[in-house]
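Descriptive analysis of the structure
Spelled out from the first residue to the last, the chains are:
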Amino acid sequence: MAKQITIIGTGYVGLTTGACLAYLGHQVVCIDTNVEKIAELNSGICPIYEKGLPDLLAKGLETERLSFSDTADTKLLQNEFIFLCLPTPQAEDGRAELSAIYEVAESLKSFLSSKAIVVNKSTVPVGTCKVISQIIGREDIDIVSNPEFLREGSAIEDFLKPDRIIIGANAIEASDRVAELYSNLESPIIQVDWASAETVKYATNSFLAMKVSFVNALAAVCEAVGADIELVAKGLGTDNRIGSKFLQPGPGWGGSCFPKDMQALVRLASDSGYKFELLEAVVDANAQQFKRIAEKVEKAVGKSLEGVHVAVLGLTFKAGTDDIRNSPAIAVSKLLSELGAQLNFYDPLVESLPEELSDGIVHDSAEKAVTNTEVIVILTEWPEFKDLDWIKFQRIAKSSKIVDARNLLNPQTLRDIGFEYASLGRK
Ligand code: UGA
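Below or above, wherever it landed, is the structure these notes cover. None of these values were measured; they are calculated from a predicted model.

Next up on the list: the side chain of Thr 17. Along the polypeptide, Thr 17 turns up in helix H1 (residues 12–23). Contact partners of Thr 17, with chain neighbours within four places excluded, come to Ile 7, Phe 83, Lys 121 and Phe 159.

Within the largest apolar cluster, 40 residues are counted, with the highest numbers of intra-cluster contacts made by Leu 21, Phe 83, Val 178 and Tyr 182. Considering every element that reaches this core, the biggest residue donor is H1, with seven residues. Not counting the four nearest positions on each side in its chain, Phe 83 is found in contact with Ile 5, Thr 6, Ile 7, Ile 8, Thr 17, Leu 21, Val 119, Lys 121, Asn 146, Leu 181 and Tyr 182. Counting residues in each nonpolar core, the second largest holds 37 residues, with Val 104, Ala 105, Trp 194 and Met 262 among its members.

This next bit is on empty space enclosed by the protein. Scanning the entire structure with this criterion turns up one cavity of 30 Å³ or more. Its boundaries defined by the atoms lining it, the largest cavity holds a volume of some 60 Å³. Per element, the largest residue contribution to the lining of the largest cavity is three residues, and it comes from helix H8 (residues 194–225). Grouping the constituent residues of the lining of the largest cavity by class yields three nonpolar, four polar and four charged. Counting residues domain by domain, the lining of the largest cavity receives three or more from each of domain 1 (4–192) and domain 2 (193–427).

It is worth spelling out the pattern of salt bridges at this point. In a structure, side chains of opposite charge can pair up when their charged atoms sit close to one another. Scanning the model with the defined rule gives 24 salt bridges in all. Arg 325 is paired through a salt bridge with Asp 323; the nearest N and O atoms lie 2.8 Å apart. For Asp 323, a relative accessible area of 7% gives the class buried. The salt bridge partner of Asp 364 is Lys 368, with a shortest N-O separation of 2.8 Å. A relative accessible area of 45% places Lys 368 in the partly exposed class. Members of the salt-bridge network, linked through shared partners, are Lys 3, Glu 80, Glu 173 and Arg 177.

For the rest of this paragraph, the subject is the pairing of strand S9 (residues 309–313). Within a regular strand, the side chains alternate between the two sheet faces. Counting buried positions over the five residues of S9 gives four, a clear majority of the element. As paired elements, S9 and strand S10 (residues 342–346) share five bridges and run parallel to each other. In the sheet register, Ala 311 faces S10, and the bridge partner there is Asn 344. For the segment spanning S9, helix H12 (residues 328–338) and S10, crossover handedness is right-handed.

We now examine the packing of aromatic side chains. For the coordinates displayed, the defined rule picks out seven aromatic pairs. Ring geometry for Trp 390 versus Phe 419: centroids 6.0 Å apart, planes at 80°, classification edge-to-face. Linking Trp 390 in helix H14 (residues 390–396) with Phe 419 in the loop between helix H15 (411–417) and strand S14 (420–422), this pair joins segments that are 29 residues apart in sequence. Members of the aromatic cluster, joined through ring pairs, are Phe 246, Trp 253 and Phe 258.

The rules behind these values
- Residues numbered from 1 in each chain as written.
- Predicted model: local features only at pLDDT ≥ 70, side-chain atom pairs only at ≥ 80, totals over all residues.
- Heavy atoms only, no water.
- Helix = DSSP H or I, 4+ residues; strand = E, 2+ residues; numbered from the N terminus.
- Contact = heavy atoms within 4.5 Å.
- Core = buried A, V, L, I, M, F, W, Y, C linked by side-chain atoms within 4.5 Å.
- Buried < 20%, exposed > 50% of the residue type's maximum accessible area, 1.4 Å probe, protein only.
- 1 Å grid on protein atoms, 1.4 Å probe; cavity = no way out; pocket = protein on both sides within 12 Å on 5 of 7 lines; lining within 4 Å.
- Points joined across faces, edges and corners; volume = space filled by probe spheres on them.
- Nonpolar A, V, L, I, M, F, W, Y, C, P; charged D, E, K, R; others polar.
- Domains from an automatic or database assignment.
- Salt bridge = Lys/Arg side-chain N within 4 Å of Asp/Glu carboxyl O.
- Pairing = 2+ DSSP bridges.
- Right-handed = clockwise from strand over helix to strand, strands pointing away.
- Phe/Tyr/Trp six-rings, centres within 6.5 Å; stacked < 30°, edge-to-face > 60°.

Read these as geometric descriptors, not functional statements.
What follows is the structure, encoded as structure tokens:
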């Protein structure tokens, strides 16, 4: 049955959640204080780059199941479900910054209708639902934790076909009512308590980051012992207990979630008296991976990088998104720049450089970025990089060297063209 839902926050999670819940048949209004963004959304303009989202937005507006408001009109707060999709950035001490959530909880509490459910989707430390419940302080209102597992670039698919839906509540009736919102989906629903739901979120991201760091380390071992990481990852991932996803070596993990959530879990554990050394080591290993890639570039060039022109293909933290937050491509580029390299960037979705790379130049084509450079470094796995005119690039680059930090290209093809080609853990 269609439910009345209010979503607070129209960032990545709020927008995807709102558009998908409307697609599932519910009546959804999304609230955000950003007046311009709301005006854009109401006229069908999608503020973020996300496959499938503009279509769902258009459908939602057309069917009038989805609407947007820049004011938290008290009427809008009287819907049966209030979803909190608010930012929880990393504070300086590594903990998650929760003021946005607490302020909203405080401002809502007297307007909620009796029997409403406040559903938290923001990524929060264990114990946050309890605090929200204390702030709201009403026995007729339930708080439910319903963490998101949306990847940028495939958020819609992840929402509509999730591996599982986690619902954390301290009352089964509230948990069942939230589960009903997803009754059109076929995925298993796991109903747990608040703390367990909140932990699953951090545990999932941390485990995935650990998996990526593991395969990156394994790629280094493969190089040392003469094995091939692609064959090793295939052999490893075919074991059902391990699984084949998140075994792609690269320049390290990044994005707006993994780094912040790893730090938050390390911090949460130490605040609770447990030193999570395993995760601390993963965080260190990721920083080492950035260095390893920079060293590979230095090795490929065969001399100091001082004054050397380098082409960097890719700036986003992974393909399929325009997001450069905590991008490994930026971390590696920064190291290259510190070693004196002159950086020439190309990324299909990035037009300007962050402050820390302002010495570099962004080009509007890979060809321009590559021209007259001594080494080409691939840092994001954009599929279109495979189809670049590598024969021409071999001519226009000053020397024929590639460091493919995403194992994107075929080594033999590139060597046949005449490149000195280096990648991660491949023969
Ligand atoms: C991640 C999680 O995958 C989502 O489930 C979660 O909801 C989201 O964080 C969040 O907490 O909001 P996302 O940040 O979009 O999603 O990025 P991922 O696709 O997980 O990739 C993270 C990083 O790992 C990227 O830098 C990517 O390039 C890297 N990676 C991933 C690899 O290097 N190799 C792999 O095999 C997979």
